[in-house]
Amino acid sequence: VNGRTKANILCDEMFALAIDAPDDTDRNYRLDVVQNQATGKLHLPAEQVAEWIQRCTDQEPAYWRRVLEHMKQSRPPIGDVFGRSEYRQDEPPPFMGDLASDGDAKQVDWLVDGLLPLGELSVIGADGGTGKGMLVSQLIACVTTGKANPFFPTFCGNPSPVLVFSGEDDLAKVIKPRAMAAGADLKLLRVVEASEYHMATGKRLLLGSSEFIAIVREARPKLIIVDPLQSFLDGSVEMSARNEMRSVAIPFQGVCREIEAAGIDVMHTNKRGNVSGRMRLADSSDMWDMARSVLMLGRDSGTGLIYASHEKSSYAKPANTVMFRIEDTVVAGNVHTGLAVFQAYSDRHDADFIAEKKMQRSAVTKDDAKEAIIDALASAQLGSLESGHLKQLVAGDLGCSIDTVNKAYSELVKEVRIKKTVIRQKDGTNKWYSALTAKIPET
């Protein structure tokens with residue numbers, strides 16, 4: 001307990017150890033130790049600790065037996081962690097790496113060689129209508145059949161289970177038809193719909209929660225897809241805040257490493273028309289930092305084809321950009337769906353396509369500027385921007401005149417969609433700051 005941090009003290013393993021006691025008195029003692037450490041030394045809110053204890057208590061006893069069994073298989077017991085005896089001096093605690101051990105240095109294992117590492121998080125960022133669901137279906141087909149395809153030519157595994165957490169797409173109407181069209185083995189595909197989970201339990205399924213981790217451990221897939229990430233975040237989570245995003249993403253990363261699976265967070269992109277790469281991720285560029293691999297999707301304005309550009313690769317040289325189109329097709333007799341059809345590889349990347357689009361773009365309208373202003377404020381890390389900086393930022397992104405931005409800004413103020421606040425600076429001058437009047441609803 002003394003070696004735990006805020007990020008990992010309220011975990012399933014700690015609760016399992018606490019209740020693995022000879023009697024109720026010892027069990028209560030152990031939970032008191034954890035509670036005092038969390039609220040005292042680590043300064044976690046008492047409500048958060050109480051919610052963790054209640055959530056764990058609601059789990060079935062069989063689940064905790066499985067957690068304890070897994071812990072015993074993963075590492076031999078090393079003594080009582082609840083203050084009655086210390087860790088053995090010749091062996092570090094289970095959450096601390098032993099760099100002197102020869103077994104700690106190893107090569108990266110891949111689901112798709114050079115593209116999707118096992119035991120890590122990756123991100124797919126996509127504009128609306130660019131066929132991310134069809135691309136994901138091609139990946140599902142690879143993993144469930146064990147066969148590479150032009151979209152993922154370096155796939156290097158055997159047929160393996162895939163687990164999809166879906167926050168938007170219906171299983172029967174969207175996910176299954178697309179998977180069938182791509183040639184996936186449906187026997188190895190499992191889907192958890194956010195809406196169905198809520199109907200069955202009365203609760204939202206949240207990324208990194210004990211319920212989320214339990215589902216992953218039970219399924220033990222080789223690929224975990226969260227689509228979209230925003231649908232599995234609590235409404236109180238501020239995506240632009242690093243500490244809040246990491247607090248929910250780290251448990252997901254941890255279970256990926258535990259079961260040696262590749263985790264993918266699918267994210268929407270924003271409407272800023274003059275940016276590429278990490279700046280296109282809606283709300284949270286911090287997920288870019290956590291991910292070991294990032295694919296960005298968009299549309300080539302010249303050919304109309306969709307591109308999937310490998311924008312970040314921490315462990316290997318970035319893969320070639322994949323160019324594809326979407327075709328209508330029919331499965332199961334009369335069910336219409338979409339199918340991604342490979343066209344070519346390219347050495348161009350997201351920034352190249354964005355630059356070409358900017359050159360070909362027609363005159364920016366006032367409505368374009370209004371959308372860009374709203375998107376910039378929604379993505380602001382502190383929730384507001386200095387008004388002059390905001391206008392210059394939008395004008396630069398859109399390549400339009402400041403007059404167009406001023407007109408759009410004035411309309412948003414009249415519509416009470418943004419508010420202005422004057423803040424006195426340290427030098428005695430006043431500056432106007434802009435913010436959204438209400439949080440933009442998720443779509």
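In this text, all values refer to a predicted model and were calculated from it rather than measured experimentally. (Residues numbered from 1 in each chain as written. Predicted model: local features only at pLDDT ≥ 70, side-chain atom pairs only at ≥ 80, totals over all residues. Heavy atoms only, no water.)

S.K.: Could you give an account of the confidence of the model for the protein chain, with specific residues and numbers?
M.R.: Considering every residue of the protein chain, the mean pLDDT works out to 83; 83% of them sit at 70 or more. Overall, residues 76-89 carries pLDDT values under 50, and its contacts beyond four positions in sequence, including any with other chains, amount to 28 contacts. A low-confidence stretch, residues 439-443 stays under pLDDT 50, and its non-local contacts, those more than four residues away or across chains, total eight contacts. (pLDDT = per-residue confidence, 0-100. Contact = heavy atoms within 4.5 Å.)

S.K.: An account of the packing of helix 12 (residues 366-379) against helix 13 (residues 387-398) is needed here, citing residue identities and associated values.
M.R.: At their nearest, the axes of helix 12 and helix 13 sit 10 Å apart, and the two run at 120° to each other. Taken together, the axis directions place helix 12 and helix 13 in an arrangement best described as oblique. In this structure, helix 12 crosses over helix 13, and the sense of that crossing is right-handed. Where helix 12 approaches helix 13, its residues D368, A369, A372, I373, A376 and L377 are matched on the opposing element by L390, L393, V394 and L398. Considered class by class, the residues forming the contact of helix 12 with helix 13 number nine nonpolar, no polar and one charged. (Axes fitted to C-alpha atoms, helices over the stretch in contact; angles between N-to-C directions. Helix = DSSP H or I, 4+ residues; strand = E, 2+ residues; numbered from the N terminus. Parallel < 35°, antiparallel > 145°, perpendicular 65-115°, else oblique. Left-handed = near helix turned anticlockwise from the far one by under 90°. Nonpolar A, V, L, I, M, F, W, Y, C, P; charged D, E, K, R; others polar.)

S.K.: I'd like a description of the nonpolar core, backed by residues and values.
M.R.: What tends to happen in soluble globular proteins is that the nonpolar side chains get buried as a cluster. Membership of the largest hydrophobic core comes to 36 residues, with the highest contact counts inside it found for L111, L223 and F324. Excluding residues within four positions of it along the chain, L111 makes contact with L116, L118, V143, F155, C156, G157, K222, L223 and A262. With 34 residues, the next largest nonpolar core counts V192, V237, F252 and L281 among its residues. (Core = buried A, V, L, I, M, F, W, Y, C linked by side-chain atoms within 4.5 Å. Buried < 20%, exposed > 50% of the residue type's maximum accessible area, 1.4 Å probe, protein only.)

S.K.: Got a sec to walk through helix 13? Specific residues and values, please.
M.R.: Its twelve residues place the ends of helix 13 17 Å apart at the C-alpha level, agreeing with the 16 Å of an ideal helix rising 1.5 Å per residue. Along helix 13, the positions that sit buried rather than exposed are S387, L390, K391, V394, A395, D397 and L398. For helix 13, the arc enclosing every buried residue in end-on projection is 165°, short of the 170-degree limit, so these residues lie on one face. Where the residues of helix 13 are buried, they touch helix 12, strand 12 (384-386), helix 14 (402-414) and strand 14 (430-436). Sitting at the head of helix 13, E386 places a side-chain oxygen 3.1 Å from the backbone nitrogen of G388. Residue G399 follows helix 13 closely and has a positive phi angle near 70°. (Expected span 1.5 Å × (residues − 1). Arc of directions from axis to C-beta. Polar contact = N/O pair within 3.5 Å; in protein donor to acceptor, adjacent residues only side chain to side chain.)

S.K.: Before we move on, could you go through the side chain of K391 and cite the residues and values that matter?
M.R.: Within the fold, K391 resides in helix 13. For K391, which is buried and forms no salt bridge, the nearest opposite charge comes from E386, at a distance of 8.4 Å. Apart from residues lying up to four places away in sequence, K391 is in contact with I402, V405, N406 and Y409. (Lys, Arg positive; Asp, Glu negative; His and termini not counted. Salt bridge = Lys/Arg side-chain N within 4 Å of Asp/Glu carboxyl O.)

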